[in-house]
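Read off the chains here:
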Amino acid sequence: MIKISPFSKKVYQLTKQVPKGKVTTYKQIAKALNTKAYQEVGQALRNNPYAPKVPCHRVIKTNGLIGGFNGKTKGKEILKKISLLKKEGVKIKENKVLNFKTILFTFS
DNA sequence: ATTATGACTTATT
DNA sequence: GAATAAGCCATAA
């Protein structure tokens, strides 16, 4: 049993709600939580205790670019997640998502 | 309580 | 449009 921060927990819940073939942004999640700790969202995903349960690869930056999980981070296995995302129908070019605004999922 | 860090964002150069 | 600096919020030590 791992211990997680209450904030991260919410982040996971929201991230789980993201449907397949869509993506969301850190800002949207933070906004859904009524906060501005965008970085906290990223940090929560970085923890990612629920690997397949939480599609962290579906969470990207606000400008449509992929997060730091593609070369900045040491682990390159995350690249696989991006590939998976592409398989789901999300077109990714280099490090950015195509039609990003179209497939963007919000927590309205 | 204080300091340091960050899978971010926005503004400025 | 790209690179740099500063800002903001929560967590960990």
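Further up the page is the structure itself.
All of the points below concern the structure found in this document. (Residues numbered from 1 in each chain as written. Chains lettered and ligands numbered in written order. Predicted model: local features only at pLDDT ≥ 70, side-chain atom pairs only at ≥ 80, totals over all residues. Heavy atoms only, no water.)

### What to know about the protein's contact with DNA strand B
Surveying the vicinity of DNA strand B reveals 13 residues, the closest of which are K27, Q39, R46, T62 and F69. Protein-proximal atoms of DNA strand B, defined as those within 4 Å of the protein, fall in sugar or phosphate at a share of 47%. Within the side chain of Q39, a nitrogen or oxygen atom sits 2.8 Å from a base nitrogen of DNA strand B. Interatomic distance of 2.5 Å between a side-chain N/O atom of Q43 and a base nitrogen of DNA strand B. Only α2 (26–32) and α3 (38–47) provide two or more residues apiece to the surface near DNA strand B. A total of six residues in the surface near DNA strand B trace back to one element, the largest contributor, which is α3. A class-by-class count of the residues in the surface near DNA strand B yields five nonpolar, five polar and three charged. (Near = heavy atom within 4 Å. Polar contact = N/O pair within 3.5 Å; in protein donor to acceptor, adjacent residues only side chain to side chain. Helix = DSSP H or I, 4+ residues; strand = E, 2+ residues; numbered from the N terminus. Nonpolar A, V, L, I, M, F, W, Y, C, P; charged D, E, K, R; others polar.)

### Some thoughts on the protein's contact with DNA strand C
Looking at DNA strand C, the residues that line it are S5, P6, F7, T35, K36, A37 and E40. Close to the protein, within 4 Å, the atoms of DNA strand C are drawn from sugar and phosphate at a rate of 95%. One of the side-chain nitrogen or oxygen atoms of S5 is found 3.1 Å away from a sugar or linking oxygen of DNA strand C. One nitrogen or oxygen atom from the side chain of E40 is found 3.5 Å from a sugar or linking oxygen belonging to DNA strand C.

### Here's the deal with the packing of helix α1 (residues 6–17) against α3
Where α1 meets α3, the axes come as close as 9 Å, and the angle between the chain directions of the two elements is 80°. On the basis of the axis angle, α1 is roughly perpendicular to α3. Of α3, the residues touching α1 (which contributes F7, S8, V11, Y12 and T15) are E40, V41, A44, L45 and N47. Residue composition of the contact of α1 with α3, grouped by class: six nonpolar, three polar and one charged. (Axes fitted to C-alpha atoms, helices over the stretch in contact; angles between N-to-C directions. Parallel < 35°, antiparallel > 145°, perpendicular 65-115°, else oblique. Contact = heavy atoms within 4.5 Å.)

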